[in-house]
Every structure is written in C-alpha cells, then in structure tokens.
Amino acid sequence: MNTPLPSPDNAPAKTASEILRASVTSYFIPEHSSQQISAHARRLTAGLLMLLAAAPLAAQTAAPATAPVLPDTIARSADGVVVRAVRLDAPIRLDGVLDESVYERVRPASGFIQIEPDPGAPAGDQTEVWVTFDSTNVYVTLRCFDADMNIVATEMRRDNPQMFRGNDHVMFVFDTFYDRRNALGFLINSIGGRMDGQVSNENQFNRDWNAIWDVATGRFEKGWTVEAAIPFKSLRYASGGPQTWGFNVLRPSRTLNEISFLTKMPPARGQAAFQMMSLAATLVGLEAPPSSRTFEVKPYLTSSATTNVPNDLDKLTGDAGVDAKIGVTQGVTADVTYRTDFAQVEADEQQVNLTRFSLFFPEKREFFLENAGTFSFGGVAVSGQNAGGDLAPIFFYSRRIGLQGGQMVPLRVGGRVTGRAGAYSLGALSIRSDEVDNVSAPATTFSVVRLKRDILRRSAVGVLATARSVSSAGTGNNNAFGVDGTFGFFESLSVNTYWARTHTDGPLKSGDSYRAQLEYNADRYGVELERLSIDSTFNPEIGFVRRADMRRNFAQFRFSPRPTSVSGVRQVNYTGSLNYIENETGVLETREQVASFEAEFDNDDSTGLTVTRSYEFLPKPFDIASGVTLPVQGYLFTDVQVSYSLAQQRPYRATFTLNRGSFYSGDKTTFAASGGRVRVTNQFSLEPSYSLNQVRLPEGDFTTHLLTTRATYTMTPSSFVSVLMQYNSSNANLSTNARLRWEYQPGSELFVVYSDERNTVSSRYPDLVNRAFIVKVNRLFRF
C-alpha cells in the first residue's frame, strides 16, 4: 500500500497514503478554511486519513480447514461451519415441489440451532437447506418442517415488514465479498411473499434494495418448501471463478415461538442476528461466471391532475425522466437520474409534537434509500435509528434534498457512486434541484462524499463531507466535514465515535460536534455509556439535528434474566438510565431518570412498567399548543407508563400504552394504541392506530387526537392497493393517500396514486384544500 508512486517534475516520490492524505485534505479542508478549523482538528483529520490509507487490511476470516465432502453439504467444527454449494446438470424448475434428482443424491445442510427460547439447543422444527448453482443462477432450496402445520402467513406484499415480524418465514443471506460484515438478504414466507435488502456493518438492514430474482413455495405433509433462484447478474461479487462467500439462514417458527439459525448466534440480537456475518457459515464450492458490467436503464412517464382550492388552481401536467445504473467495477456501481420523480411515494405518517424540538420523518424515496447504509456515520444510521437514542445528529439526511417547507422541489439531474473496493467502502452523491419561487428555494447543488476503511475484525474508520451550494438561509454556502470510527469487539461490545465540524456563511459561522459511545449488549446484561456534544452553531444543512446547544451524558444499565421458576415468562428486563444535558454555558436543561420493567411471555406477548422523573428548563417561552405558552423556568415532573403488546403473529395485534403524571406546570394523560393490525384475510389487512393526549396546565388546557388507518389489499406478491387515512386534531387536518402498485414485469412498475388534504375547522364536512391524481409507469431495460 505504501509503495512509492511516480511523481512528475522530478519531485520526491510520495507513498499512496501521503497522496491520499494530501488530496483529500486539500479537497475537504482547503487553506481558506484554516480559520474555521482548529489546528487540533486538522491534525486529527490528517491522522485519520493516514490511517485510512495505511491501516492494515480488515482481518478476513479464512475458510475453516474442514469442508464437507459430497454427498454431505455441511461440516461443523471448532473452526466454524462450512456449507458446500453443488453444481447442477440442469436448472431447477421453480414450483415448490422438491422432485429433482439433486435432492435425492445430495444431503441437505441442517442442524439448526435455537436462540429462542432455549439458546444453543437444537431447533424443535428443523430446516433443511441446499445451495446449488448453474451458469446463470444460484439456487437456495429449503424444506421447513412444522410439526403442527399451524403455519402463520398473513402477508404477500413485497417488502412488507410484517412478514419479518409476524409470519413464519425463512431468510438467507449472502456475504458475496466475504468481508464478514456486509451481505444481501432474501426473505420468503410460505405463501410466496418476499423481501430483499442490504445488510451494512452488521447492524443495519435496508429493505429498499430490490433485486431481480424468482421464488416458488409449496407444501408437503410435514411442512412447507421454498425454491429460490437469484441470477448472478443481480449480485456483485469478486472476480468470476471459484467463490468463497458468507452464508446463513434464519428460521422463525411462530407456532413454537422459536427462532433458529444455521449457525450458533447470540440470543441478545433476536431475529436481527441474521446481520452478524462475522458468525455466519462459510460457503464453498460455488463457481460464478465472470461478472458482466451492469447496465440498466429505467425511463418513466407520468401524468397528474391537481387541484389547489386556496389558490383556485387546477392543473393537468405530464413529465418524463430516466434513471440509469452502470457497473463501474466489480464492486462499484454508478446511478444517474434525470428529472427524478417521486410521485409514487406514500405520504408521511403524521405525528403530534409536545416537545420544543424538531420531529424526524424517515426517507421514503427509492433513489435515496438504495445503498443508504453506505452514508451512515458515527454509529448513527441514516434512518435515525441508533443505540444512543434519537439525539445524536444524522450527518446526511436526504430529506433535505428536494423538499422545502413541506413542499416538493423538482430535482433536475443527479448521480451517485457506491460500492466496495477491497477493504474500502465508497459513497458519493451530487444532485441539482430547480429554483422554486413560491417556497423560496433557489437552484441548489447538494453533494456528499463518504469513504470508509474496514480494519480489524469488525471495525472501521472513515470520513464524510457534505456541501450545499446555497445555504438554507439564502446566502453563501454550507459545508460539513467529519471523521468517525465504529469498533466491534467480541460478540456484544461496540464503541462508536465521531468528530464533525460545519461552516455556514453568515452569523452561524462554524460549529463542532463529537460523540463517544460504548455499548455492551449481551443477552443477560447490557450497559450503555455516552458523551455527546453539539454546539449551538453546529449546522449540517444536509443533515438532521434534533437538539443543538447541548452537552449530554447518558448511562443505562440492563439486567435480563430468563426465569425458569416462573411459568409462561420467557425473559424479563430491568433497566435504569440517567440522561443529563447541559447547554454550552453549563446550565442544566434536561435531567431524566428512568426505571423500567418488561416481561416477555412464551406466547410472545409482553408487558411493561416505566417510571420517569424529569427536570426540564425552558430557556425561552414555549408555544406548546395554540394559545398555550409556557414561561421561562425550570419544571420537575414524573410520569408513569404501563403497556401491553400483543404478539406479532396474532390475527389482531397492537401495543396499548397508558401514561399518567405531571407535565410541566400541570398534568398529562396519554393513551395510545400503536402498531395495530387486523388480518381480515391473507390478502387483506387493516392497520389502525390512535393516540390521545389530554393536557391540563395553568396556562391553558388542550386535547389532541391522532387517528391513522392503513388498509392494504394484495392481489399477488407483485401487486397491491393501499389506502392511508389520517386525522390530526392539532392541525385540523384530514388526509387520504391511496396507491396502486403493479410490478408488471421484474423491475418495471405501474403506479396509480390519489391523494387529498382537507381542513376540519370551518365546517362539519371537511373542506378540500388540495387534491392530486397521478399515473406513473416505468420500464426496466437490462443489458
């Protein structure tokens, strides 16, 4: 890595690490920024860039010496588990019937091991697996035994998370580059519903990655079967020829409330343990064809009719655009988009905000969701989910692109490069938005660059930079730069850390943020410690900061025994935490002490009790509701919460929560029925949820209602209709969003979308505010 490279003009030769350090430092930290970035920060950055270039390669786990010999396809030893793939003489016919000769002459891999309810014991309902291949596809066949034949299958819609949470299913994962931390996952339930996604860094799963593959399921007298074919064209892997991949299989049995894996996995991770590729089996014997360069083109056409009542405006419009995907190298892919359109995206689910901080809404647009894990930073996922709660900033928050003041801003052209090259992960994105006068959105270029290097067994260091050509303040630009490290030790110990700085032209100037977080998350014990600092001037305008001007110290301790003397109880959790937040001047603004108890039952129901004692100082008046303003002062209040959650596999389920206690200068009662789902048939379901906040304060009383219902009818695994209706009393809003999606051929889709928004203030019958009817069709061409 440090071999001297040629240098022009007889200049002294430089090593690769010196060139990387100089070039990246000069790009992200130009000399004119020296006043904004301290000498200490520059030294830290330069040191990390040197580490990126010169750090030893990530420790790759070599294939265990013991490999199975046909007809056996699995070997278990102290070194690990090895599974052998078998070459086929003829393609498998995907019909869910295991009648090909290969199933008779080759023994399946089996011996699944529980992580629930009896960690380490053999699975009660066993699973048999064959991995086979030909010149075109890699096939995974599974035979799933079910003693009672009480198979839970309630969803067919592709990528519906209910399949993972509440259905009998199998999920297999391929670590095609054998880096022991990233993978591709494929999930199938017994009625053909499927999900696919990307595993990043062993702790994130992005189900918005969609591959082209095929699957069929069937039944036999003792269970159900799966035959799946994944084209090599849908995968990225090392150069063609003999392959060594990581491989694992997850099998939940809902009747037994049992979770098992092909290899022994830590029970603390539950079903999410499928992400831990460092503990997966090694797949040998596979021979892949030389990978052809990906080249996909997907043009679209859309037409819309819109009505805006306040502006007395009716419009009929049409548009067209195109997306393209190009394989740059074996592991790096470029995506290009022109006139990007997101008409098919489902509306946001509304929230009621009783805090003085911003709400977080997840990204739903496919262009930004694919490969999103590449841009995670400092142990915080781009989805906002992280072990340290929701206060750590998200350095790259793609909803800052193409949205302004709740209105869509057209995106003209953009590109993205993501992928892996050896131990490096690379992500780069640049996209240009149009100017829109009525929402004060000037034409702006958004750019993000992410570079990360795997080190050790489960660790990585990296840099991330963002740039916005026009600041949201409307003058100058906004830039942000950060360095981070994520370190995994043993099975349950992790450390996440970062330092970041932003610079904004104007009064905010520069601001820093840093984080050091340690988490030990084992089955019986858990500990989390965090120090988080965010300056009041820290302003990543392509990021999300829920709360600035803070110095946070956080500690949490958990004890989770599995009682054997209490019938019907699988595990209990005792948790205590302290959250202590000061502002930059050292004034205490938030102190939160939490004690909670949770019990999980053998039937997968759970119940909990949580007591929270809080202190909150308001540095300025807080308008908590219309006509209700809380004055500047400190408030001490206590809240008690009880909850009960019905198991995910039930035909009807929900989590019921009741909160009661003091709240600022008065009191608050909250009732919520969240995560609701009623299965009418295997193809039709309702997902109702409701929350009520009843607040009584000396400054004024108010009550909020939030009612949401989603109805989904799935015709086939590739076509569905869904309707999302929402009523929010806090803004007197009633909205409807209905969508038809039909994947008429793999990768090609038709969307029909209707949405409207109504105001419930002026009359008994809600007044129409705006309405839209949209038809969109795209077509995938794959070369």
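Residues numbered from 1 in each chain as written. Predicted model: local features only at pLDDT ≥ 70, side-chain atom pairs only at ≥ 80, totals over all residues. Heavy atoms only, no water.

This brings us to the overall build of the protein. The number of helices and strands found in the protein is five helices and 44 strands. The buried share among the 783 residues of the protein stands at 52%. Once local pairs closer than 6 in sequence are excluded, the contacts in the protein between residues at least 24 apart make up 56%. Surface summary for the protein: the accessible area is close to 33,400 Å², and the carbon and sulfur share equals 56%. (Helix = DSSP H or I, 4+ residues; strand = E, 2+ residues; numbered from the N terminus. Buried < 20%, exposed > 50% of the residue type's maximum accessible area, 1.4 Å probe, protein only. Contact = heavy atoms within 4.5 Å. Areas by Shrake-Rupley, 256 points an atom, 1.4 Å probe, with all protein chains shown as cover.)

Now for the sheet that holds strand β5 (residues 127–133). Pairing within the open sheet is mixed, and its five strands lie in the order β3-β5-β6-β12-β11. The sheet is open, and its two edges are formed by β3 (86–87) and β11 (214–220), each paired on a single side. (Pairing = 2+ DSSP bridges.)

Between side chains of opposite charge, pairing is possible as soon as their charged atoms come close. Under the defined criterion, the tally for this structure stands at 38 salt bridges. Among the ionic pairs, E749 bridges to R741, the shortest N-O distance being 2.9 Å. You'll find E749 and R741 in the same group, each marked buried. Several salt bridges converge on common partners, so that one network encompasses R158, D196, K298, R741, E743 and E749. (Salt bridge = Lys/Arg side-chain N within 4 Å of Asp/Glu carboxyl O.)

Once that is clear, we can look at the nonpolar core. One finds F172, F186 and F247 to be the most contacted residues of the largest nonpolar core, which totals 40 residues. Of all the secondary structure elements, the ones that give two or more residues to this core are β2 (80–84), β5, β6 (137–145), β7 (169–175), β8 (183–189), β12 (223–231), β13 (241–253) and β15 (281–288). Not counting residues within four places of it along the chain, the set of residues in contact with F247 comprises V83, V129, V131, F172, V173, F174, L262, M277, A280, A281 and L283. Of all hydrophobic cores here, the second largest spans 31 residues; its members include F375, I431, F446 and M550. (Core = buried A, V, L, I, M, F, W, Y, C linked by side-chain atoms within 4.5 Å.)

Glancing now at the pairing of strand β28 (residues 525–534). Where strand β27 (residues 509–521) meets β28, nine bridges bridge the pair, whose relative direction is antiparallel. Following the sheet pairing, S513 is matched in β28 by I534. Examined bridge by bridge, β28 and strand β29 (residues 550–559) share ten bridges and lie antiparallel to one another. What sits directly across from Y525, in β29, is F559.

The final tally for this structure, using the stated rule, is 32 aromatic pairs. For the ring pair F395 and F538, a centre distance of 6.5 Å and an interplane angle of 25° mean the geometry is stacked. Here the residue F395 occupies a position in the loop between α5 (366–369) and β19 (403–404), and F538 occupies one in the loop between β28 and β29, the gap between them amounting to 143 residues. A residue is classified by how much of its surface remains accessible, and F395, at 4% relative accessible area, is buried. Ring pairing ties together the aromatic residues F172, F174, F186, W209, W213, F232, Y237, W245 and F247, which thus form one cluster. For the cation-ring pair, R157 lies above F720, with the distance from its terminal atom to the ring centre recorded as 4.7 Å. If you follow R416 out to its NZ or CZ, it ends over the ring of F367, 4.5 Å from the centre. (Phe/Tyr/Trp six-rings, centres within 6.5 Å; stacked < 30°, edge-to-face > 60°. Lys NZ or Arg CZ within 6 Å of the ring centre and 35° of its normal.)

Turning next to the side chain of S577. Position of S577 relative to the elements: it lies in strand β30 (residues 569–582). Setting aside residues no more than four positions away along its own chain, S577 makes contact with F554, A555, Q556, E592, Q593 and V594.

A few words now on the environment of T73. Position of T73 among the secondary structure elements: in the loop between α2 (39–54) and β1 (74–77). Overall, T73 belongs to the buried group, its relative accessible area being 4%. Between the C-alpha atom of T73 and that of W130, which follows or precedes it by 57 residues, the distance is 7.8 Å. The residues contacting T73, other than those within four sequence positions of it, are P68, V82, V83, R84, V86, V106, R107, P108 and A109. At 2.6 Å, the side chain of T73 and the backbone oxygen of R107 are in polar contact. (Polar contact = N/O pair within 3.5 Å; in protein donor to acceptor, adjacent residues only side chain to side chain.)

We now examine the environment of S665. Counting through the fold element by element, S665 comes out in the loop between β36 (652–663) and β37 (666–679). Measuring from C-alpha to C-alpha, the distance between S665 and E699 comes to 8.3 Å, with 34 residues separating the pair along the chain. Setting aside anything within four residues of it in sequence, one finds S665 in contact with L630, Y635, L697, P698 and E699. Of note is the side chain of S665, whose polar atom sits 2.7 Å from the side chain of E699.

Right, let's get into the environment of N206. Mapped onto the secondary structure, N206 falls in strand β10 (residues 204–206). When its relative accessible area of 12% is taken as the criterion, N206 is described as buried. In sequence terms N206 and E370 are 164 residues apart; their C-alpha atoms lie 7.5 Å from each other. Those residues in contact with N206, other than ones at most four positions away along the chain, are D196, G197, Q198, L369, E370, N371 and A372.

Further remarks concern the confidence of the model for the protein. Looking at the protein as a whole, its pLDDT mean stands at 86, while 89% of the residues score no less than 70. Confidence drops under a pLDDT of 50 for residues 1–45, and excluding neighbours within four residues, the segment shows 58 contacts in the predicted structure. Counting interchain partners and residues more than four positions distant, the pLDDT-below-50 stretch residues 55–61 has 20 contacts. (pLDDT = per-residue confidence, 0-100.)

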